[in-house]
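Observations on the three-dimensional arrangement
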Amino acid sequence: MEPLKNQLLIAMPNLSDPFFSQAVVYICEHGKNGAFGIIINKKYRDLRLNSFFNGLVTLNNQFRKYENTVYFGGPVLFEKGLVFHKDGTKLEESIKISDSAYITSNLNILKQLDDVRDPNFKLVLGHAGWSEGQLENELRNGDWLVQDANDDLLFDTPPNNLWSCAASSLGFDTNNLIGAAGKA
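Residues numbered from 1 in each chain as written. Predicted model: local features only at pLDDT ≥ 70, side-chain atom pairs only at ≥ 80, totals over all residues. Heavy atoms only, no water.

Description of the overall build of the protein chain
The condition that has to hold: Under the scheme used here, helices are H or I runs from DSSP no shorter than 4 residues and strands are E runs no shorter than 2 residues, and both carry numbers assigned from the N terminus. Throughout, exposure labels follow a simple rule: accessible area from a 1.4 Å probe, protein chains only, divided by the maximum for the residue type, with under 20% read as buried, over 50% as exposed, and the rest as partly exposed. For this analysis, residues touch if any pair of their heavy atoms sits within 4.5 Å. Per-residue accessibility takes into account occlusion by the displayed protein chains alone, with areas from the Shrake-Rupley method and a 1.4 Å probe.
Of the regular secondary structure elements, the protein chain holds 5 helices and 9 strands. Order of helices (α) and strands (β) in the protein chain, N terminus to C terminus: β-β-β-α-β-β-β-β-α-β-α-β-α-α. Put simply, the protein chain has 184 residues, and 47% of those count as buried. Look at the contacts in the protein chain between residues 6 or more apart in sequence, and 65% of them connect residues 24 or more apart. Of the roughly 9700 Å² that the protein chain leaves accessible, carbon and sulfur atoms contribute 46%.

Encoded structure:
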């Protein structure tokens, strides 16, 4: 199997795990030892950046319009934050996933993003992880659709529409997807 780095996993309706139901996962790393990704469409409803950081990072008033940018990235280490961002602003510690997508755990990126006119980022708490062969088994089981990632899906599509938009970009109508997968 080709590595899935810089691909989106789109959960099929049969995936009933509450963490991954209707999830869109951006794969940041995939190899023989497993895979690492972040869920990019599950926003925390009531968690705001300034209250989350509680004085660790002070954001100016202009930045407050972006306060609603905290996402559930996955069930692994959900107490740890990552900043998923576009290439316009990056730190030395930012890890390049694609030509335009980066991640970092360095919170100083938020101060840099604070100075950008229209920062494009998501603060994700936690991540998704698969051990060796686990993701491949889930793909064979029909748990996920795989889609090429692009900036529109990664950063511009509203999170509540991302699952259906990503599936429909592959020709699937989420209203007509069957709730159970099978093997032919």
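Moving on from the model shown.
Focus: the pattern of salt bridges
Applicable threshold: For this document, the term salt bridge refers to a Lys or Arg side-chain nitrogen within 4 Å of an Asp or Glu carboxyl oxygen.
Inspection of the entire model under this criterion finds 2 salt bridges. Salt-bridge contacts for K86 lead to D151; the nearest nitrogen and oxygen are separated by 3.6 Å. Taken as a pair, K86 in strand β5 (residues 76-86) and D151 in helix α4 (residues 151-156) lie far apart in primary sequence, 65 residues in all. Since its relative accessible area comes to 24%, K86 is described here as partly exposed. By relative accessible area, which is 26% here, D151 ends up partly exposed.

Things to note about the nonpolar core
Stated formally: For this analysis, a nonpolar core means a set of buried residues of the types Ala, Val, Leu, Ile, Met, Phe, Trp, Tyr and Cys, connected via side-chain atoms within 4.5 Å.
Counting 40 residues, the largest nonpolar core has V25, Y26 and W144 as its most contacted members. A per-element tally of this core places strand β2 (residues 24-31) first, with 5 residues.

A few points about the pairing of strand β3 (residues 34-39)
Applied cut-off: Here the rule is simple: two strands pair whenever DSSP picks up at least two bridges between them.
The buried count for β3 comes to 5 of 6 residues, which makes it a mostly enclosed element. Pairing of β2 with β3 involves 6 bridges; the strand directions are antiparallel. Bridged to E29 within β3 is F36. Between β2 and β3, which follow one another and run antiparallel, lie 2 residues. Across 4 bridges, β3 lies against strand β8 (residues 121-131) in antiparallel orientation. By the bridge assignment, A35 is partnered in β8 with W130.

Description of the pairing of β5
Looking at chain direction, β5 and β8 are connected through 6 bridges and run antiparallel. When the bridges of β8 are listed, H85 appears paired with F121. Here β5 pairs with strand β7 (residues 101-104) via 4 bridges, running antiparallel. The partner of H85 across the bridge, within β7, is Y102.

Describing the confidence of the model for the protein chain
What counts here: Looking at any residue, its pLDDT shows the predictor's confidence there, from 0 to 100.
Looking at the protein chain as a whole, the pLDDT averages 83, with 78% of positions reaching at least 70. β3 holds the highest mean pLDDT among the elements of the protein chain, 97, whereas helix α1 (residues 49-53) holds the lowest, 61. A low-confidence stretch, residues 180-184 stays under pLDDT 50, and its non-local contacts, those more than four residues away or across chains, total 6 contacts.

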